[in-house]
Amino acid sequence: MSNKCRVCSSNIKEFMSLGEMPIANAFVLKNDSDKQFFYHLKISFCEKCYTFQLIDIPKPEQMFNENYAYLSSTSSAMIEHFSELSSKIINNTTFSKNSFVVEVGSNDGIFLKNFADKDIKHLGVDASKNVCDLAKEKNVKILNAFFNFEISKKIEKNYGKADVIVSTNTMHHIENINDVVKGMANLIKEEGIIITEDPSLIEMLKNNAYDQVYAEHMYIWSLTSIKNLLSTHGLEVFNIENNEFHGGCSRYFIAKKNTKKIQNSVIEHQNNEDSFGIKKISTYLKFKENVVKSKEKLTSLLKNLKSNKKTIVGYGAPAKSTTILNYCKINNSLIDKIFDNSKTKINKKTPGKSLIDVVDSKEFKEYKSDYCVLFAWNHRKEILLKEKEYSNKNGKWIIPLSNIEII
Ligand code: DWN
Ligand code: ZN
């Protein structure tokens, strides 16, 4: 059976498999471990439009529903990051008190709260009901739905066209991506701006951050691939900014074709991707080799520590940890428990065959452990500062990726 690229419909084939996986954010209630859904995590790269994507994915409703576990506001750094983005938008000369801002994938209202607080017209669209409820508590106006072309027409009818559409950490979650971009192109005003921000493929490859890959993250976008996606909908990237959030993200500033001057940042970023080999299959085969090496290194380190009677715990149960734990076959025989501050994860177990207890991070200070695997490595600065007592008492952090750093 041949598989088709979700962007350009060309035939694609698997270059790498990480084996059987549960849904990354489906944290397990104590007695429900045998009720889990598994899929095969097979990765492909389209040699026509250069989109890095998964072959099989579960139905969207299995991932985004009333129990979606990730709450954006669990990180103070993320709250700050989105507050800065809102100020940047509000301070732009073309923005006025009458402007209309739409967010696709608004989670718990972390970004739109900044507009609600200032009484600026806005609307968040999110498929997961529990995060919509949290956003409403922040007085954010919300539509609980999967955004698509049909929904864009309804929004247009009820509210008018948007001046700004923002979508952060969402574009890599959307199976029917062409329909969603068509919806954005329909909803945005002629002179409007679409801002998307997602993990960057070049950064993921450089850091060997294979834990970014799981069913929710069915694509990891590059400038090269996103340009191809946008082009068929009359849109183009006119500016790009890179940041270190979520292990390295690119923020794309997008407009209708020929309405904005293309900035040097776009040309420079494209040159970087070209010289890195983003279009070459050999780049992805090298990535595959590095991932296998990383798995061997991490599992032998943990097994050695355990046989030397060391106590090991984890910190942060991000969706990313589901990929590492299941691919490396790590369970509670190696890691006692994982500390996390999300109320949606505490008192549950990590998904799949790992089934490690997730406990409140408030208990971390009291628990004696020699080593702690920092699964939320992208929040390293914030967590190491918060838990500096652990390092002061000689506790060691393990960064579970790439060359497996111990600090
Ligand atoms: O795209 C996605 C991104 C934006 O967020 C989603 N598909 C899901 C999610 O990915 P993730 O789960 O890998 O995100 P984080 O932000 O790396 O998750 C961090 C985890 O660590 C959360 O469970 C919260 C926890 N945490 C904590 O316990 N103490 C985080 C911080 C900062 C802390 O101090
Ligand atoms: Zn393609």
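As shown above, the structure is provided for reference.
All values derive from a computational prediction rather than experimental measurement.

This part takes up the overall build of the chain. The secondary structure content of the chain amounts to 13 helices and 19 strands. Here the chain has a C-alpha radius of gyration of 21 Å; the compact-globule value for 407 residues is 22 Å, and the two agree. Taking the principal axes of the C-alpha coordinates as reference, the chain spans close to 65 × 45 × 40 Å. Scored against the burial criterion, the 407 residues of the chain give a buried share of 57%. Here the analysis covers contacts within the chain between residues at least 6 apart in sequence; of these, 69% occur between residues at least 24 apart. Here the chain displays about 17800 Å² of accessible surface, and carbon together with sulfur accounts for 49% of that area. Between the averaged position of the 58 positive side-chain charges in the chain and that of its 48 negative side-chain charges there is a distance of 2 Å.

The next subject is the pattern of salt bridges. Scanning all chains against the criterion turns up 23 salt bridges. A salt bridge links Glu-241 to Lys-88; the nearest nitrogen and oxygen atoms lie 2.5 Å apart. Of this pair, Glu-241 sits in strand β12 (residues 235-243) while Lys-88 sits in helix α2 (residues 76-91); the two residues are 153 residues apart in sequence, bridging distant segments of the chain. When the shortest N-O distance is used, the salt bridge between Glu-190 and Lys-256 registers 3.8 Å. Taken as a pair, Glu-190 in strand β10 (residues 188-199) and Lys-256 in strand β13 (residues 249-256) lie far apart in primary sequence, 66 residues in all. According to the relative accessible area criterion, Glu-190 is exposed, its value standing at 51%. The exposure class of Lys-256 is buried, given its relative accessible area of 18%. Look at the salt bridges and you will find they share partners, linking Lys-88, Glu-197, Glu-241 and Arg-251 into a network.

Among the five residues that make up strand β7 (residues 122-126), five are buried, leaving the element largely enclosed by the rest of the structure. Residues His-122, Gly-124 and Asp-126 point to one face of β7 and Leu-123 and Val-125 to the other, with burial holding for every one of them. Of the pairings in the sheet, the one linking strand β6 (residues 101-104) to β7 comprises four bridges and is parallel in character. Across the sheet, residue Val-102 finds its bridge partner in β7, namely Leu-123. By the bridge criterion, three bridges tie β7 to strand β8 (residues 142-144) in an arrangement that is parallel. Bridge pairing in β8 places Val-125 opposite Leu-143. Note that the unit made of β7, helix α4 (residues 129-137) and β8 has a crossover that is right-handed.

On to the side chain of His-172. Its place among the elements puts His-172 in the loop between β9 (162-168) and α6 (177-187). At 3.5 Å, the side chain of His-172 and the side chain of His-173 are in polar contact.

With that settled, the discussion passes to the sheet that holds strand β15 (residues 337-340). Ordered by their spatial adjacency, six strands build an open sheet running β16-β15-β14-β17-β18-β19, and the pairing between neighbours is mixed. Two strands close off the open sheet at either side, each with one partner strand: β16 (357-360) and β19 (405-406). By the bridge criterion, two bridges tie strand β14 (residues 312-315) to β15 in an arrangement that is parallel. Bridging from a neighbouring strand, Tyr-315 pairs with Phe-339 of β15. This element, helix α10 (residues 281-307), spans β14, β17 (371-374), β18 (396-399) and β19 of the sheet and lies at about 155° to β18.

With that settled, the discussion passes to the packing of aromatic side chains. The final tally for this structure, using the stated rule, is 21 aromatic pairs. Measuring from ring centre to ring centre gives 5.9 Å for Phe-15 and Tyr-284, while their planes differ by 65°; the resulting arrangement is edge-to-face. Of this pair, Phe-15 sits in strand β3 (residues 14-22) while Tyr-284 sits in helix α10; the two residues are 269 residues apart in sequence, bridging distant segments of the chain. The exposure class of Phe-15 is buried, given its relative accessible area of 8%.

Bringing the pairing of β15 into the picture now. Taken together, β14, helix α11 (residues 319-327) and β15 constitute a β-α-β crossover, and its handedness is right-handed. Here four bridges tie β15 to β16, and the two strands are oriented parallel to one another. Bridge assignment links Asp-340 to a residue of β16, and that residue is Asp-360.

With that settled, consider the packing of helix α8 (residues 223-231) against helix α9 (residues 264-276). Contact pair α8 / α9: the axes reach a minimum separation of 9 Å and the direction vectors enclose 120°. By the angle between their axes, α8 is oblique relative to α9. Contacts between α8 and α9 involve Leu-223, Thr-224 and Lys-227 on the former and, on the latter, Val-266, His-269, Gln-270 and Glu-273. Classifying every residue of the contact of α8 with α9 by side-chain character gives two nonpolar, three polar and two charged.

Of all residues adjacent to ligand 1, which total 28 residues, the nearest are Glu-216, Lys-320, Asp-340, His-379 and Lys-386. One of the side-chain N or O atoms of Tyr-70 is found 3.5 Å from an oxygen atom in ligand 1. His-217 is positioned with one of its side-chain polar atoms (N or O) 2.9 Å from a nitrogen atom of ligand 1. Protein coverage of the free-state accessible area of ligand 1, which is 710 Å², stands at 98%. Top contributing element to the shell around ligand 1 by residue count: helix α12 (residues 380-386), with three residues. Class assignment for the residues of the shell around ligand 1 results in nine nonpolar, 13 polar and six charged.

Cut-offs and rules
Residues numbered from 1 in each chain as written. Chains lettered and ligands numbered in written order. Predicted model: local features only at pLDDT ≥ 70, side-chain atom pairs only at ≥ 80, totals over all residues. Heavy atoms only, no water. Helix = DSSP H or I, 4+ residues; strand = E, 2+ residues; numbered from the N terminus. Rg over C-alpha atoms; globule rule 2.2 N^0.38 Å. Buried < 20%, exposed > 50% of the residue type's maximum accessible area, 1.4 Å probe, protein only. Contact = heavy atoms within 4.5 Å. Areas by Shrake-Rupley, 256 points an atom, 1.4 Å probe, with all protein chains shown as cover. Lys, Arg positive; Asp, Glu negative; His and termini not counted. Charge placed at Lys NZ, Arg CZ, Asp CG, Glu CD. Salt bridge = Lys/Arg side-chain N within 4 Å of Asp/Glu carboxyl O. Pairing = 2+ DSSP bridges. Right-handed = clockwise from strand over helix to strand, strands pointing away. Polar contact = N/O pair within 3.5 Å; in protein donor to acceptor, adjacent residues only side chain to side chain. Axes fitted to C-alpha atoms, helices over the stretch in contact; angles between N-to-C directions. Phe/Tyr/Trp six-rings, centres within 6.5 Å; stacked < 30°, edge-to-face > 60°. Parallel < 35°, antiparallel > 145°, perpendicular 65-115°, else oblique. Nonpolar A, V, L, I, M, F, W, Y, C, P; charged D, E, K, R; others polar. Near = heavy atom within 4 Å.

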